[in-house]
Amino acid sequence: MNVLLVRDVRVVDALGEWRGDVAIQDGVFAALGRGFSWPGALVLEGEGRTLLPAFVDLHAHFRDPGFPEKEDLLTGSWAAAHGGFTAVSVMANTLPPCDSPEVARYVREKAQALGLVEVYPVGAVTQGLSGQKLADLRALAPLVWAFSDDGKGVERTDLMLEAMRLAAALGKRVLVHPEFSGVERALGEELMVARDLYLARLTGARLHLQHLSSPGSVELVRKAKAEGVPATAEVTPHHLCLAQEVYGDYPVNPPLPREPARRALVEALKTGVFDAVATDHAPHTPENKAQGAPGISGIETAFPLLYTRLVREGVITLAELSRWLSLGPATIMGLRKGLVRVGYDGDCVLVEEDENFLLDETFFFSKGKNTPLLGMRLFGRIWATIHRGEVIYLEGLLRGRDYDDHRQVVRKG
Ligand SMILES: [Zn+2]
C-alpha cells in the first residue's frame, strides 16, 4: 500500500476551496478531510502552501525526435514537472514529424520509460506537415489523442474537410493552428477560424483552436459555441500577460498582442470563450533565437506568470486559473485529472503563493531559455509536483535525476 498524505493544506480547484488533509493511495485521491492519521503514509506538511490539481498542457513542443539541441523528451519532462504539469500534449513538428505510427510509438514509449510525466503525442494531419497530402490518420489513431499540423495552418480546404470527416469517424479531435499565409496575420487567423468552425459544424468533428490571438477570432468562437458547434479553444500565458507595447516584438507566432487585444483576450477568458490556457512551450537555442526563430520556452513559467499577473492583480481567482490550467485541458483530453476529488488521478502541485523569485537562466530545466521574462520577479513558486502519488519534483530536485526514491528525500527534511 502506497499512501501519500498532505496535511493541513489550503486546497483550491476549479470547484472551490477548503482546508484540510489530502490522501493519495495507489495513484488516486483516496480521502479528503481533516485530522487524518494514516499508519505508514509518507507525509508532506502543507502549512503555508496551497495544493492545486497538477496542470495539463494541451500544447507543447518537446522537439524529440530530431532537435536535441533545443529539447528532448527527458528535458521536456523535467521542465513540465518543474512547471507543475503532469500531462502534456506534444506537437507533431519533430524530425521526422509525427506522421507515422513509428514516431508516435517512439514518443509514447520513450516518455513512459522516463516515468516522470504523461506525454501524449499529437499526430500530423498531412504527410511531412507539407499541407499537400493527408497522413494515414487511421494508422495513427490508436497512438495519438488528436491530429494537428501545428506550426502551420492546413490551407487546403479539401484536405481539412477530409481530415475532419475522418477524425469524426475515428473519434479524435482536430487541433488547428489558425493561419492562412499571404494575408495580414490577424486576418489569416480569423479566416481559418471561420472556415474550420464551419467545417466542424458540417462534419460534427470536434475542433480545437490553438493559441488564438485576435479579438476577431474570439468573437467567431463565442458565436459558434452559442450555436452548439463542438469547438473548444486555448490561449497562451504570453498572449494573456505580455503586451507588445512592453515586450516589443519578441518573436513568437502568433505575435504578442497590442494592449487592447491583450485585454480582449483576458475578457474572453473570463467570459468562457477559452476552455484552457496552453503554454505553446517552444524551446530554441540562442543561435536559433538570434536568427529570429519564433517561440517562448514557457512550460516552467506558465503558472508563476499567470499567478503574478492575473491572480495577484485580482483579475481572476486562483480557482478560475485552476479551471483553465487543469480541469479544462484534462476534460478536452479525456483524462481523469484536473480536480482534487476522490477517484481522480492523484496529480497535484504544492505552491508557495507568497514566495517570489528572480527569473534568470538558471531557473530552467528546459534546454530552452528563450523568454522575454528574464530579469522579472514572479510569485507562485512551485514547491512540489506529485504525479499519481509519486513526488516527481521537490524543491529543485527531480525524480530520476537527483533521486530515485522520493520517500528518502521527503523524510530528509
Ligand atoms: Zn502553433
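Residues numbered from 1 in each chain as written. Predicted model: local features only at pLDDT ≥ 70, side-chain atom pairs only at ≥ 80, totals over all residues. Heavy atoms only, no water.

1. Brief notes about the coordination of the zinc ion
Logical step 1: Protein coordination at the zinc ion: the donors are Asp 150 (OD), His 177 (ND1) and His 211 (NE2), at 1.9 to 2.3 Å from the metal.
Logical step 2: The sequence pattern describing where the donors of the zinc ion fall on their chain is D-x26-H-x33-H. One end of the pair, His 177, is in the loop between β10 (173–176) and α5 (185–203); the other, His 211, is in the loop between β11 (206–209) and α6 (215–226), with 34 residues separating them in the sequence.
Logical step 3: You can call His 177 buried: its relative accessible area is 4%. (Donors = N, O, S within 2.8 Å, 3.2 Å for Na, K, Ca; no water. Helix = DSSP H or I, 4+ residues; strand = E, 2+ residues; numbered from the N terminus. Buried < 20%, exposed > 50% of the residue type's maximum accessible area, 1.4 Å probe, protein only.)

2. What to know about the packing of aromatic side chains
Logical step 1: Applying the stated criterion across every chain, the model contains seven aromatic pairs.
Logical step 2: Ring geometry for Phe 36 against Trp 38: centres 6.2 Å apart, planes inclined by 75°, an arrangement best described as edge-to-face.
Logical step 3: By relative accessible area, Trp 38 is classed as partly exposed at 24%.
Logical step 4: Plain terms: the ring middles of Phe 55 and Phe 85 are 5.4 Å apart, the flat faces sit at 65° to each other, and that makes the pair edge-to-face. Of the two residues, Phe 55 is situated in strand β6 (residues 55–60) and Phe 85 in strand β7 (residues 85–90); the sequence distance between them amounts to 30 residues.
Logical step 5: Given a relative accessible area of 0%, Phe 85 falls into the buried group.
Logical step 6: Every member of this aromatic cluster is reached through a ring pair, and the members are Phe 55, Phe 85, Phe 303 and Tyr 307. (Phe/Tyr/Trp six-rings, centres within 6.5 Å; stacked < 30°, edge-to-face > 60°.)

3. Quick notes on the environment of Arg 341
Logical step 1: Relative to the assigned elements, Arg 341 resides in the loop between α12 (318–333) and β14 (348–358).
Logical step 2: On the accessibility criterion, Arg 341 (28% relative accessible area) is partly exposed.
Logical step 3: Separated by 239 residues in the primary sequence, Arg 341 and Glu 102 place their C-alpha atoms 37 Å from one another.
Logical step 4: When sequence neighbours within four positions are dropped, the list of residues in contact with Arg 341 reads Asp 13, Leu 15, Phe 29 and Leu 32. (Contact = heavy atoms within 4.5 Å.)

4. Notes on the packing of helix α4 (residues 157–170) against α5
Logical step 1: Two elements in contact, α4 and α5, have axes separated by 10 Å at closest approach and are oriented at 40°. Classified by the angle between their axes, α4 and α5 sit oblique to one another. Helix-helix and strand crossings are classified by hand; for α4 and α5 the assignment is right-handed. Contacts from Thr 157, Met 160, Leu 161, Met 164, Arg 165 and Ala 168 in α4 reach Arg 195, Asp 196, Leu 199, Ala 200, Leu 202 and Thr 203 in α5.
Logical step 2: When its residues are assigned to classes, the contact of α4 with α5 shows seven nonpolar, two polar and three charged. (Axes fitted to C-alpha atoms, helices over the stretch in contact; angles between N-to-C directions. Parallel < 35°, antiparallel > 145°, perpendicular 65-115°, else oblique. Left-handed = near helix turned anticlockwise from the far one by under 90°. Nonpolar A, V, L, I, M, F, W, Y, C, P; charged D, E, K, R; others polar.)

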